[in-house]
Amino acid sequence: MNFEFSEEQLALKDEVRKFLAAKCPPDSVRALMAEGSPGIDRALWAQIAEQGWLGAAIPEEYGGLGLGYLELCCISEELGRAVAPIPFASTVYFFAEAILRAGSDAQKAVCLPKIVAGELIGAMASSEQPGPISVAKINAEVSGGKLNGTKLPVTDGSHADTAIVLAKEGGTPTQYLVDLNGPGVTRTAIETLDRSRDAARIEFNDAPAERLGGVGEGLALFEAINDRAAVLLAFEQLGGADMCLEMAKAYALDRYAFGRQIGAYQAIKHRLADMYTGNVLARGNAYYGAWALNSDAPELPVAAAGARISASEAYWFASKENIQIHGGMGYTWEVDCHLHYRRSRQLSLVAGSPRVWKNRLVTMLEKRNAA
């Protein structure tokens, strides 16, 4: 079985890389981070919408390109290389996917065309307490179509227009659509390590809520969306990890110490080799996840967990080693190393930490072996 991308998909990757190199250089990311409050690059968001990337996996009947998840994986990898400061993951991987899977015809007709046009930024508001989400950790509640409760942290919550909120109705977890610009919603920005990505605390006080899917289906939908998003997040992390390796290699060949390139020293060679090994392992798992996602295979939960774990570890390790290889310069604001370290930390917590995914993977494998 050939897991490599097709010539058309590789050509798409190349075009996305060229576009982001021109429209999203590291200097623009640093400038956004220096503004004070976490934000998004609105101009880049609009340009990406014009390219059609937001609708890569959205059917043509809703204005999307209808390409598929493999093409979306290609786009995701390049966004990770560029450390793009946009709410692409929140809107496309989570929000749009939830609407596609559980939304009514009316909800799809309203939300999906706006996503494709870049007119709607979405967010997932699920967590309230540390650790994996469970029925016992959900305190937000809906009664009479009104939502009360608090969610934090909500990635891109300060800038999102609509959120999908996990809350209880009659004691059972259910998903709801909530207009974050409507009444009963209070948002407070949360300080995070990666200031190019926003996070917020959102309080709901009798906020109007519209059910998404059936009553009691909230946790099942949450897990299904997380599995699918995990694969796409893995490609973002993989793109960032590969960029870190390229940066470290280039510096090791350019920097001289005691008359020799520092890349000639064994200590640097070993670091680069370890980075490469982690990236290759992550790519293999990510490709397996992409296959399972694109074919909606029953192996998707296991494949998604493997991709998520290996990509999170590879990106963190590569970003850390990239700083070390750059030496004292690696810690400075003007050098790009810190952008990837910050993003590696941010992405490792979206959709659950690696520890949560490791526990989930072990549980799934134990059940499979017992069966």
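Residues numbered from 1 in each chain as written. Predicted model: local features only at pLDDT ≥ 70, side-chain atom pairs only at ≥ 80, totals over all residues. Heavy atoms only, no water.

Visitor: Residues and numbers for the overall build of the protein chain, please.
Guide: Helices and strands together make up the secondary structure of the protein chain, namely 11 helices and 10 strands. Scaling as 2.2 N^0.38, a compact globule of 371 residues should have a C-alpha radius of gyration of about 21 Å, and the protein chain matches this with 21 Å. C-alpha extents for the protein chain along the principal axes are approximately 75 × 55 × 40 Å. Looking at the 371 residues of the protein chain, the share that counts as buried comes to 51%. Look at the contacts in the protein chain between residues 6 or more apart in sequence, and 74% of them connect residues 24 or more apart. With the model as given, the accessible surface of the protein chain reaches about 16,000 Å², and the carbon-plus-sulfur share is 54%. Side-chain charges of the protein chain comprise 36 positive and 44 negative groups, with the mean position of each set lying 7 Å from the other. (Helix = DSSP H or I, 4+ residues; strand = E, 2+ residues; numbered from the N terminus. Rg over C-alpha atoms; globule rule 2.2 N^0.38 Å. Buried < 20%, exposed > 50% of the residue type's maximum accessible area, 1.4 Å probe, protein only. Contact = heavy atoms within 4.5 Å. Areas by Shrake-Rupley, 256 points an atom, 1.4 Å probe, with all protein chains shown as cover. Lys, Arg positive; Asp, Glu negative; His and termini not counted. Charge placed at Lys NZ, Arg CZ, Asp CG, Glu CD.)

Visitor: Would you mind going over the domain arrangement of the protein chain in detail, with residue names and values included?
Guide: Accessible area lost upon the coming together of the parts serves often as the stated size of an interface. Segmenting the protein chain into domains produces domain 1 (7–117), domain 2 (122–215) and domain 3 (219–370). Domain 1 and domain 3 are separated by 20 Å when their C-alpha centres are compared. Taken together, the contacts link 24 residues of domain 1 with 32 residues of domain 3. Both faces combined, the contact of domain 1 with domain 3 buries some 2,500 Å², and carbon together with sulfur accounts for 68% of it. For domain 1, the biggest contributors to the area lost against domain 3 are Arg30, Arg81 and Phe94; these three give 26% of the whole. The interface formed by domain 1 and domain 3 includes 4 salt bridges. In this structure, the salt-bridge partner of glutamate 246 is arginine 81, at a minimum N-O distance of 2.9 Å. Of all the secondary structure elements, the ones that give two or more residues to the side of domain 1 that touches domain 3 are helix H2 (26–33), helix H4 (69–82) and helix H5 (88–102). Per-element accounting of the side of domain 1 that touches domain 3 gives the leading share, 8 residues, to H4. (Domains from an automatic or database assignment. Buried area = accessible area lost by both parts, 1.4 Å probe. Salt bridge = Lys/Arg side-chain N within 4 Å of Asp/Glu carboxyl O.)

Visitor: Would you mind going over the packing of helix H8 (residues 266–295) against helix H9 (residues 300–326) in detail, with residue names and values included?
Guide: It is the contact of H8 with H9, at a shortest axis distance of 8 Å, that shows an interaxial angle of 155 degrees. When the axis of H8 is compared with that of H9, the two are roughly antiparallel. Both H8 and H9 take part in a crossing whose hand is left-handed. A class-by-class count of the residues in the contact of H8 with H9 yields 17 nonpolar, 8 polar and 3 charged. (Axes fitted to C-alpha atoms, helices over the stretch in contact; angles between N-to-C directions. Parallel < 35°, antiparallel > 145°, perpendicular 65-115°, else oblique. Left-handed = near helix turned anticlockwise from the far one by under 90°. Nonpolar A, V, L, I, M, F, W, Y, C, P; charged D, E, K, R; others polar.)

Visitor: So what's going on with the packing of helix H7 (residues 218–254) against H8? Residues and values would help.
Guide: Where H7 meets H8, the closest approach of the two axes is 9 Å, and the angle between their N-to-C directions is 155 degrees. Comparing their axes, H8 and H7 come out roughly antiparallel. The way H7 lies across H8 gives a crossing that is left-handed. Touching Arg228, Val231, Leu232, Phe235, Leu238, Ala241, Asp242, Cys244, Leu245, Ala248, Lys249 and Ala252 of H7 are Ile268, Leu272, Met275, Tyr276, Asn279, Ala282, Arg283, Ala286, Tyr287, Gly289, Ala290 and Leu293, all from H8. A per-class count over the contact of H7 with H8 returns 18 nonpolar, 2 polar and 4 charged.

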